[in-house]
Amino acid sequence: MHGQEAKQVGSRRGIVGAAIASAAALGVLAFTASTTVAGFQSSSYARAELATEAMISAYPVRQDMSPGSALYLNRFGELYVSGDRRSGNGAGTASTALNLTPPNQVVFPEGVRIVDAGSSGNDFNWGQQTLFSALDDQGRVWTWGQAWGGHTLIGRGPISASESWTPGQVTTTDTGEALPEIIDLQQIENQVYALDVSGTLWAWGYGGENMPTPTTGNKPLPSRANTTTATPGLAACVSNNTGDVVWHTIWGGYVSAGGVATNGLIYTWGWDNSNGVSTTQTNQGCPILNQGANEVLFERYPELYQTADGLTYDPSALPTEAERTARYEAIVEHQSEVTTGPCAQPTRKENGVDASECPVRQLGFSSRAPRLLLQNGDLYTWMVSTDMTYGFYFLGRPSSTNQADPNFRNRPALALSNVDSTVSGVGSMQALTRDGLVYGWGLNNFCQAVGERTSGSNPCNSNVAADIVTLPRLVGGIPGDVPIARLSSTQCAAWATSADGAVWGWGGGTIVATGWVTCGTAGATYKIHDQRAATVSTPFGAPITATSTATTPVLE
């Protein structure tokens, strides 16, 4: 439900640098390793080795959408939560008093190793609930906290409030069967999405919007979500059903989400969905083909996307909109029957991207702003709706209100090339290039976009509303000779990690997301920690207690 729409000791670089905490991290550790059931790598460690590591560094998870908390993961699969823990600290307690305390370890049963985790909150708002989820190296899903609608909507059925403060395993679907092995876990505002090994999408949470299941309503337990439609705005898939697809990848976001089917076509859904070719804005419950995104694929990969008689999508050779639409529909008709090719199997992501040969490397959704990263490194962005309050800040490119202009803001257009991956905050985003550079753009009122002031002379801990970065700009404060290997983000803070494990952080601080695209000062929670000051008794070192900070080194 939406507030503005419908309601209100030693060098850690050498120890941990080669194993940045992520789903991929546990697969590259340089100790004894064996392949787990889920296809991840699980490692065992000699006691002698552990004795030399009094402190194990934890790294922020790649993409966290909590308005006021941050999750950290170390190479042993131990998860920690910092900041807002009013919906549960993952260790049996929920209290405002936890917000300024040091990060605590999330409690899982003995032997559980987490490989990925995330969280999200209703309306991206500090004043709302936080829903947490985690995936372990056996393909099991764990949740705690609350979705809008309560603690019984986190995939574990009718549990008590106190039970929701500690992770529990999501084990049973709404049809009574065991939840299959999961290979990818994504979140959106009030739902969790899980992709299993067979390409089935399971969704659960609040059912008021963003729920891609064939039927509407709350889903306390995982429910299948592979059915598609051709009807924009349809709340459920029971009418104009275009059949089930098998998902190759799924992609979460703030209020919209999407998936790439094994036939290579892109489907999207969510509270703020669009067709990617016009100013049409719908609240899309059932997955629907995204014309604008698919046209990008058809044009850039003609060897993969053709009509039944071998015709391709070349806009320059199709002078009218009617001709372009007819060609698009003919390719879709043929592609819908494709059962082979680079997207034909469900896939596990590596550090948040699809590293297979499927053309879509990453698909992301900010507030009314989708983004599409191709395997060739080209990043396309567009916005949903015509306002300047939301999606515009995520474009990162010249834009136009003229639909005939190639930069028409409601159609995908190139924002940046040579991109490896992206992350997004509530009002800004960052992109990592293949040569290790970090660019940012969007709202920068607390330096959260680029880690430095670009407008005026006020420090980063003061609010400068006019500081907006509209085109990609290098993030300040990262040494020019240090290639970055990984980005991490929560709603108002971001981190860059080098290949040898050094980390720089910027943004909040104590600022939190206060709704949709805004980072404000409504509540104090510590998210960035200077681990250079770590001791055995204070393993996370010292928190950044300023409202916000310019780019600063936090781990060496």
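Refer to the structure presented above.
Residues numbered from 1 in each chain as written. Predicted model: local features only at pLDDT ≥ 70, side-chain atom pairs only at ≥ 80, totals over all residues. Heavy atoms only, no water.

Visitor: Go over the side chain of Ser274 with me, naming the residues and quoting the values.
Guide: Mapped onto the elements, Ser274 comes out in the loop between strand 19 (266-273) and strand 20 (282-289). What Ser274 contacts, discounting residues up to four positions off in sequence, is Thr268, Thr280, Asn290, Trp382 and Val384. (Helix = DSSP H or I, 4+ residues; strand = E, 2+ residues; numbered from the N terminus. Contact = heavy atoms within 4.5 Å.)

Visitor: Requested: an account of empty space enclosed by the protein, with residues and values cited.
Guide: The probe, sized like a water molecule, is rolled over the atoms to show the empty space still left. The space that makes up the largest cavity amounts to roughly 520 Å³. For the largest cavity, the lining is made up of 35 residues, of which Arg62, Gln63, Asp116, Leu185 and Gln186 are closest to its centre. Only strand 7 (114-121), strand 8 (130-136), strand 11 (182-188), strand 21 (360-366) and strand 25 (419-424) provide two or more residues apiece to the lining of the largest cavity. Of all the elements, strand 11 adds the most residues to the lining of the largest cavity, at five residues. When grouped by side-chain class, the residues that make up the lining of the largest cavity number 11 nonpolar, 15 polar and nine charged. Computed from the structure, the second largest cavity encloses a volume of approximately 40 Å³. Ser256, Thr268, Asp272, Asn273, Ser274, Asn290, Phe365, Pro370 and Val384 together form the lining of the second largest cavity. Looking at the lining of the second largest cavity element by element, the count peaks at three residues for strand 19. Tallied by class, the residues present in the lining of the second largest cavity amount to three nonpolar, five polar and one charged. (1 Å grid on protein atoms, 1.4 Å probe; cavity = no way out; pocket = protein on both sides within 12 Å on 5 of 7 lines; lining within 4 Å. Points joined across faces, edges and corners; volume = space filled by probe spheres on them. Nonpolar A, V, L, I, M, F, W, Y, C, P; charged D, E, K, R; others polar.)

Visitor: Tell me what's going on with the pattern of salt bridges, and back it up with residues and numbers.
Guide: Evaluation of the coordinates by the stated rule reveals 16 salt bridges. A salt bridge links Arg453 to Asp467; the shortest N-O distance between them is 3.1 Å. Of this pair, Arg453 sits in the loop between strand 27 (438-443) and strand 28 (468-474) while Asp467 sits in the loop between strand 27 and strand 28; the two residues are 14 residues apart in sequence, bridging distant segments of the chain. The buried category is assigned to Asp467, whose relative accessible area is 0%. (Salt bridge = Lys/Arg side-chain N within 4 Å of Asp/Glu carboxyl O. Buried < 20%, exposed > 50% of the residue type's maximum accessible area, 1.4 Å probe, protein only.)

Visitor: Could you give an account of the state of the cysteines, naming the residues involved and the relevant values?
Guide: Within this structure, the stated rule accounts for four disulfides. Two residues share a disulfide in this structure: Cys237 and Cys286, whose sulfurs sit 1.9 Å from each other. Because the sign of the S-S torsion sets the handedness, a value of about 110° for the bond joining Cys237 and Cys286 places this disulfide among the right-handed ones. Of this pair, Cys237 sits in the loop between strand 15 (227-229) and strand 16 (241-244) while Cys286 sits in strand 20, and the two are 49 residues apart along the sequence. Between Cys447 and Cys460 runs a disulfide, and the two sulfur atoms are separated by 2.0 Å. Handedness of the Cys447-Cys460 disulfide follows from its S-S torsion of about -85°: it is left-handed. Of this pair, Cys447 sits in the loop between strand 27 and strand 28 while Cys460 sits in the loop between strand 27 and strand 28; the two residues are 13 residues apart in sequence, bridging distant segments of the chain. Residue Cys447 shares its accessibility class with Cys460, and that shared class is buried. When the bonded cysteines of the protein are numbered from the N-terminus onward, they pair as 1-2, 3-4, 5-6, 7-8. (Disulfide = S-S within 2.5 Å.)

Visitor: Could you give an account of the environment of Ser356, with specific residues and numbers?
Guide: Mapped onto the elements, Ser356 comes out in the loop between helix 4 (321-335) and strand 21. The sequence separation of Ser356 and Tyr526 amounts to 170 residues, and the corresponding C-alpha distance is 37 Å. Not counting residues up to four positions away in its chain, the partners in contact with Ser356 are His248, Pro342 and Gln375. For Ser356, the side chain forms a polar contact with the side chain of Asp354, separated by 2.7 Å. (Polar contact = N/O pair within 3.5 Å; in protein donor to acceptor, adjacent residues only side chain to side chain.)

Visitor: So, the packing of aromatic side chains: which residues are in play, and what are the values?
Guide: Counted under the stated rule, the structure contains 15 aromatic pairs. On the basis of an interplanar angle of 65° and a centroid distance of 5.9 Å, the ring pair of Tyr193 and Trp269 is categorised as edge-to-face. Here the residue Tyr193 occupies a position in strand 12 (residues 191-196), and Trp269 occupies one in strand 19, the gap between them amounting to 76 residues. Trp269 carries the same exposure label as Tyr193, and that label is buried. With a centroid separation of 5.9 Å and 75° between ring planes, the pair formed by Phe392 and Tyr393 is classed as edge-to-face. (Phe/Tyr/Trp six-rings, centres within 6.5 Å; stacked < 30°, edge-to-face > 60°.)

Visitor: Go over the sheet that holds strand 7 with me, naming the residues and quoting the values.
Guide: The four strands are arranged 7-8-9-10 in an open sheet whose pairing can be described as antiparallel. Looking at strand neighbours, the two that pair on one side only are strand 7 and strand 10 (168-170), the edges of this open sheet. Across the sheet, the mean angle separating the axes of adjacent strands is 30° when strand polarity is ignored. Note that strand 8 and strand 9 (residues 141-145) share five bridges and pair antiparallel. Across the sheet, Leu131 pairs through a bridge with Gly145, a residue of strand 9. (Pairing = 2+ DSSP bridges. Axes fitted to C-alpha atoms, helices over the stretch in contact; angles between N-to-C directions.)

Visitor: An account of the layout of surface pockets is needed here, citing residue identities and associated values.
Guide: For the largest pocket, the calculated volume is near 470 Å³. Along the walls of the largest pocket sit 19 residues, with Glu299, Pro315, Pro406, Arg411 and Pro412 positioned nearest its centre. Secondary-structure elements contributing two or more residues to the lining of the largest pocket are helix 3 (291-300), helix 4 and strand 24 (413-416). In terms of residue count, helix 3 provides more of the lining of the largest pocket than any other element does, five residues in total. Across the lining of the largest pocket, the residue classes tally to nine nonpolar, three polar and seven charged.

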